[in-house]
There are 2 protein chains.
Amino acid sequence: MEAMTNQTGARARHKTTTRRAIQTAAIELYEERGYDETKVEDIVERAGVSQRSFFRYFPYKELTLFSDDHTEHLAELVLTAPSHFNAIETLDWATAQLFLIPTTELDRRRQAIRNQLGDDARVQRQLAYLHESLSIRLRDAYVRRLGIDPADTSDLRPQILVGLYLSLATEVSGRSQSPEETRQRWLASLRSLL
Amino acid sequence: MEAMTNQTGARARHKTTTRRAIQTAAIELYEERGYDETKVEDIVERAGVSQRSFFRYFPYKELTLFSDDHTEHLAELVLTAPSHFNAIETLDWATAQLFLIPTTELDRRRQAIRNQLGDDARVQRQLAYLHESLSIRLRDAYVRRLGIDPADTSDLRPQILVGLYLSLATEVSGRSQSPEETRQRWLASLRSLL
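Since the model is a prediction, treat every value here as computed from it, not as a measurement. (Residues numbered from 1 in each chain as written. Chains lettered and ligands numbered in written order. Predicted model: local features only at pLDDT ≥ 70, side-chain atom pairs only at ≥ 80, totals over all residues. Heavy atoms only, no water.)

Another point: helix α5 (residues 87-100) of chain A. Residues and elements named next belong to chain A. With 14 residues, α5 extends 20 Å from end C-alpha to end C-alpha; this agrees with the ideal 20 Å at 1.5 Å per step. Taken as a whole, α5 has its buried residues at Ala87, Ile88, Thr90, Leu91, Asp92, Ala94, Thr95, Ala96 and Leu98. Between the side-chain oxygen at the start of α5 and the backbone nitrogen of isoleucine 88 there is a gap of 3.0 Å, and the oxygen is on asparagine 86. (Helix = DSSP H or I, 4+ residues; strand = E, 2+ residues; numbered from the N terminus. Expected span 1.5 Å × (residues − 1). Buried < 20%, exposed > 50% of the residue type's maximum accessible area, 1.4 Å probe, protein only. Polar contact = N/O pair within 3.5 Å; in protein donor to acceptor, adjacent residues only side chain to side chain.)

Note on the identical chains: chain B maps onto chain A by a rotation of 180° and an axial translation of 0.0 Å, with an RMSD of 0.1 Å. The superposition operator between the copies reduces to a two-fold rotation axis. The overlap is high: 100% of the interface residues of chain B also sit at the interface in chain A, so the same surface is used on both sides. (Least-squares fit on C-alpha atoms with pLDDT ≥ 70 in both. Contact = heavy atoms within 4.5 Å.)

Moving on to the side chain of Lys61(A). All names here are of chain A. With respect to the helices, strands and loops of the structure, lysine 61 is situated in the loop between α3 (51-57) and α4 (69-80). For the buried lysine 61, no salt bridge is present, and the opposite-charge side chain at shortest range is aspartate 36, 5.2 Å distant. A polar contact is formed between the side chain of lysine 61 and the backbone oxygen of tyrosine 35, at a distance of 2.7 Å. There is a polar contact of 2.8 Å between the side chain of lysine 61 and the backbone oxygen of threonine 38. (Lys, Arg positive; Asp, Glu negative; His and termini not counted. Salt bridge = Lys/Arg side-chain N within 4 Å of Asp/Glu carboxyl O.)

Residue and element names in this part refer to chain A. Evaluation of the coordinates by the stated rule reveals six aromatic pairs over all chains. When the centroid spacing of 4.9 Å and the interplanar angle of 65° are considered together, the rings of tyrosine 30 and tyrosine 35 count as edge-to-face. Tyrosine 35 shares its class with tyrosine 30; the two are buried. Judged by centre distance (5.8 Å) and plane angle (45°), the ring pair of phenylalanine 54 and phenylalanine 58 falls under tilted. Phenylalanine 58 shares its class with phenylalanine 54; the two are buried. Counting every residue linked through ring pairs, the aromatic cluster contains Phe54, Phe55 and Phe58. Positioned above the aromatic ring of tyrosine 35, the side-chain terminus of lysine 61 is 4.1 Å from the ring centre. (Phe/Tyr/Trp six-rings, centres within 6.5 Å; stacked < 30°, edge-to-face > 60°. Lys NZ or Arg CZ within 6 Å of the ring centre and 35° of its normal.)

With that settled, consider the UniProt feature "DNA-binding region" (unreviewed entry) in chain A. Look at the UniProt record and you will see "DNA-binding region" (unreviewed entry) annotated at residues 39-58 of chain A. Helix makes up 75% of residues 39-58 of chain A and strand 0%, with an end-to-end C-alpha separation of 13 Å. (UniProt positions renumbered as here; feature names shortened; annotations may be inferred.)

Counting residues in each nonpolar core, the largest one holds 50 residues, and the members touching the most others are Leu138(A), Leu164(A), Trp186(A), Leu138(B), Leu164(B), Trp186(B) and Leu190(B). Apart from residues no more than four positions distant in its own chain, Trp186(A) is found in contact with Leu91(A), Leu164(A), Ser167(A), Leu168(A), Glu171(A), Leu156(B) and Ile160(B). (Core = buried A, V, L, I, M, F, W, Y, C linked by side-chain atoms within 4.5 Å.)

Now the structure itself:
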């Protein structure tokens, strides 16, 4: 049992290492040559992985421009928040935990490349897709957290909480203040609205 | 003064008529030949307007697929809601008024063409742009309604109310029930969350 857990842990670590190696190589090449001029072949060569491995982690090249670790983490946080918290307190706690995760150098460089690409249609579509998949995971987490029967479509609290999170995320990404500062203002405004 | 008002009224009516003529001709042609196969020249010929006139109303051909009358109307409704309503009551009242506007046959046909185009990048970009411009107008309406100093960036109630409206709109467009039914469930859920 312990051996199995170790193995699973080693596999998870290997996955993270491979993923990060691909992303680092990709960002370096985008910075050196530009996004459009970089081919998947160039990335796999620099990262020292196979093309098959690349496509297992990044079915589309655009995906190398994004990291979805945070969004996966958010749904988890909603489920693990102290059980006596109500829905708004859960949102408060989960976003506070999320925003404690420091932005890495890789995140910052990735964001800079995305900004250069501006309103490139592929990037826009990918962002829309990520928003969509985050929304589904987060909604499901709230459905479980609030003990709602998944077949009951009349209780729309999970959808509303997702909408609130998306509006907070938009606010945070559009401001120069620290995420935590914006988050606190945003929550104070939400509370004064209620 | 009265003559001027009449003239302004006549001009506004003429604008609406021209706009509608272009949209009707465009939708008919999209249905007959497909969106990509329809040229701006074909649309202006059928609508009996000049190309210059077409581009004054629709700077991009994609725009013929959308009607933004409702969104303009929403910001106005927020400003004209009974003054004793608080922010959530205003949202309730304004969306109730908005959803009273019947969906026209043209709206339904336009929506069907958009659905056929699926996740076409141009349509997606246009939707994102419309969301963005609706958000700005609606936020400004709430800033005025709530008497917030526009220079004060710490009060984020307007942004939150915009986020709430967008989440309601997403819910309405994704459901088979009547908009009013979804709206009422959504507001009941919002109230139970607060």
